[in-house]
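# Secondary and tertiary structure notes
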Amino acid sequence: MSAPKTSRTWLATGFIVLLIGAGWTVHSLRHYSPHRLHLDRKLADLQRIASYQESHEEKRDAVRAFDALPAQRPPELAPLLREHLPGIRAEVRRRETAAAWGDWQVHRMEVSLDDVPLERLGFFISLAETQRPPWRLIESNIRATDQRPGHARATVVFEALSK
Amino acid sequence: MHKRSDIHLPPVRIAYGFDLSDGHAAVVRARLTRGGVHTETIAEARGENLKDALTSAAQSAHAEVALNRAVLSAAMPAKDSMVRWLEAPFPSVSKARKVLPSLLDIELPFPLESCVFGFPHMEKTGEGRVRALAVAARREHVEGRVAACAEMNMDPQCLDHEGLALWTQSLAEIPPSAGRRAVCYLGPDRTVWVLGDRDRIESTHASTMDGATGDAETRHREWRDRALRILRTQMASAGATDMQWIWTGPAAADTERVRALESLLSEAQPNLRFGVHTDPSTFLARALAQRALAQEILPWNFRADTLAHPVMQQWRDGAIRRAAWTALAAGLILCIVNFTFGAILQATQRQADRALAETARTLTGLPSVPRGQERMVAERVIDEQSTQLAPFLDAFQPGQTRTLRGILRTAAAGGLHYESVSLRRDQLLIQGTAGDWDACELLADQLRDEGWDVHLDRQDAVAEEHVRFRLTGGRRS
């Protein structure tokens, strides 16, 4: 092969490589936007799921706090009533029970009190809420009685988590 | 036919111009500087022993050419070459280029195949035709000229056309004015006339003093007659009445001879305006050197194709190799950049995929989550789990106790008497009586502060001193 022919072969090779490089660049540029969009979508998903995880962790922390309690069932309300509201006619009735996370369940108890002093009622509700696990007031119906001022007929519904 | 790429010289900054006639030789070195072209006469010899006088200049030129720093350009005498304007009946230059050799063949007194020829300038005319300046010389004459130079130890890479060189240099040194111009190169043994109009070359003519006999005046008269024949033919065909006549060449330095010729010419042709180029004896060498550097106006080189100088071939090969390596390097760089860019993009995507899958798995507790459905699956599982986990969070939120105690406390403080209080997660209903309406408003404001949307209704009074009210509310979302 003569020298010019060799040079021309190199020139052709050079231009083919340049063409490939240019073609590849055009291809990369044309496909960059879809790739970028796809990646942005993934990152947005990741960010969203990470935020879910954060709030989920908060909930798990709450579960762990309950798991760490020494007792995993709140004290019965009837004995509490007898002890702290003596002489007041009270009726305790079990309401619905629903499944919660893991082995935990949500219990609802309805307490009907006849002619209860309102300040004693407030005291009892506070007392129930300070139990571990706590009872939580979710509903209350109080109706005044004609007999004595400051007294009422009350129906309160408590909710508590227990195993 | 020479292609334009064949006649191009290397882009050097130094060029040597070599003017060789019988009894005279000049070598000029031109150097391209920031301020322009700087020329320097490095040798000029007259008489018999030109070769020895040129030894130093030849060595200097060879040394710089060998280092690829310079080119050496000589001239093909006008008597051994020709220029012609041809007109092709095509509006397209590329089409015209195909027929121009045939048109030139008609003009030549010898076969075209025995010639080195080309068209250094082509232009479209207003009539839809193409005009081309043809340059040609017989191959044997070109080879002879190369050999003549070689005898002087000169090996030119470029063999320019003498007429083109004289014309372009004349225009460069004395800018064109309106009217016609004749550049007359007076050598020791020959004369070359280049005729043109403004900046356009029209024809070249050469005459030798061979066979001239008699005294100086007789020889001058013979010379004048030849010059007038050429001149009058040109002026008659162009309808011109006057002409600028510019002397150059080694014999133009002889002012006595020039004056004698001017006097003879003026007797027969009074409308001639005479002038002389500066440093006329090195004019052609200067022209050749400067044309080799600039290669802009009517570039030409008879040494092309098979007659090309080996250095030129090497230079062209080198240029091709450089272009090849540049293209190869650029291509490879592009490929590497693209590969790296693609790899980084893919790695980032893989990383995002892995992180997404891992986070989704941790969140859902599932052993694997289908690719691309991480968010959907995670949201579904979160929804399911939220219902079960809500009571745990609720346990840490303030319950209704605070609201209820507030309601009861306000009653005691504001003299409100409740007939019924009904409080649920999102609903509130209080009915009763109050000593005045302000106490009811106070209760409503307090509930609003706790996040309830309340509506207070005043009802018919039971007694004059009591206001009956009804307060309803909903938890503000």
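Values in this document were obtained by computation on a predicted structure and should not be read as measured data. (Residues numbered from 1 in each chain as written. Chains lettered and ligands numbered in written order. Predicted model: local features only at pLDDT ≥ 70, side-chain atom pairs only at ≥ 80, totals over all residues. Heavy atoms only, no water.)

For any pair of aromatic rings, the description rests on two quantities: the centre-to-centre distance and the angle between the ring planes. Taken as a whole and assessed by the stated rule, the structure comprises 15 aromatic pairs over all chains. Ring centres of Trp104(A) and Phe392(B) lie 5.9 Å apart, and the angle between their planes is 90°; this geometry places the pair in the edge-to-face category. Taken together, the positions of Trp104(A) in the loop between strand S1 (90–99) and strand S2 (105–117) and Phe392(B) in helix H11 (residues 374–394) put the pair across two chains. With respect to burial, Trp104(A) and Phe392(B) carry one shared label: buried. Between Trp245(B) and Trp247(B), the aromatic rings sit 5.4 Å apart at their centres with planes inclined by 65°, giving edge-to-face as the arrangement. Using a relative accessible area of 0% as the deciding quantity, one classes Trp245(B) as buried. Judged by its relative accessible area of 0%, Trp247(B) falls in the buried class. One aromatic cluster is present, built from ring pairs that chain together Trp193(B), Trp223(B), Trp245(B), Trp247(B) and Phe274(B). (Phe/Tyr/Trp six-rings, centres within 6.5 Å; stacked < 30°, edge-to-face > 60°. Helix = DSSP H or I, 4+ residues; strand = E, 2+ residues; numbered from the N terminus. Buried < 20%, exposed > 50% of the residue type's maximum accessible area, 1.4 Å probe, protein only.)

Across the boundary between the two partners, chain A contributes 58 residues, which contact 60 residues of chain B. The contact between chain A and chain B buries some 5500 Å² in all, and 69% of this surface belongs to carbon and sulfur atoms. If you look at where chain A meets chain B, you find 4 salt bridges. Between Glu379(B) and Arg48(A) there is a salt bridge, and its shortest N-O distance comes to 4.0 Å. Linking chain A with chain B are 16 residue pairs in polar contact (both at pLDDT 80 or more). Breaking the side of chain A that touches chain B down by element, the ones donating at least two residues are helix H1 (3–67), S2, helix H3 (118–129), strand S3 (136–144) and strand S4 (151–162) of chain A. Here the side of chain A that touches chain B takes 38 residues from H1(A), the largest share from any one element. Class assignment of the residues belonging to the side of chain A that touches chain B gives a composition of 32 nonpolar, 13 polar and 13 charged. Sheet topology note: the S3(A)/strand S14 (residues 416–423) of chain B ladder contains 4 bridges and is antiparallel. (Contact = heavy atoms within 4.5 Å. Buried area = accessible area lost by both parts, 1.4 Å probe. Salt bridge = Lys/Arg side-chain N within 4 Å of Asp/Glu carboxyl O. Polar contact = N/O pair within 3.5 Å; in protein donor to acceptor, adjacent residues only side chain to side chain. Nonpolar A, V, L, I, M, F, W, Y, C, P; charged D, E, K, R; others polar. Pairing = 2+ DSSP bridges.)

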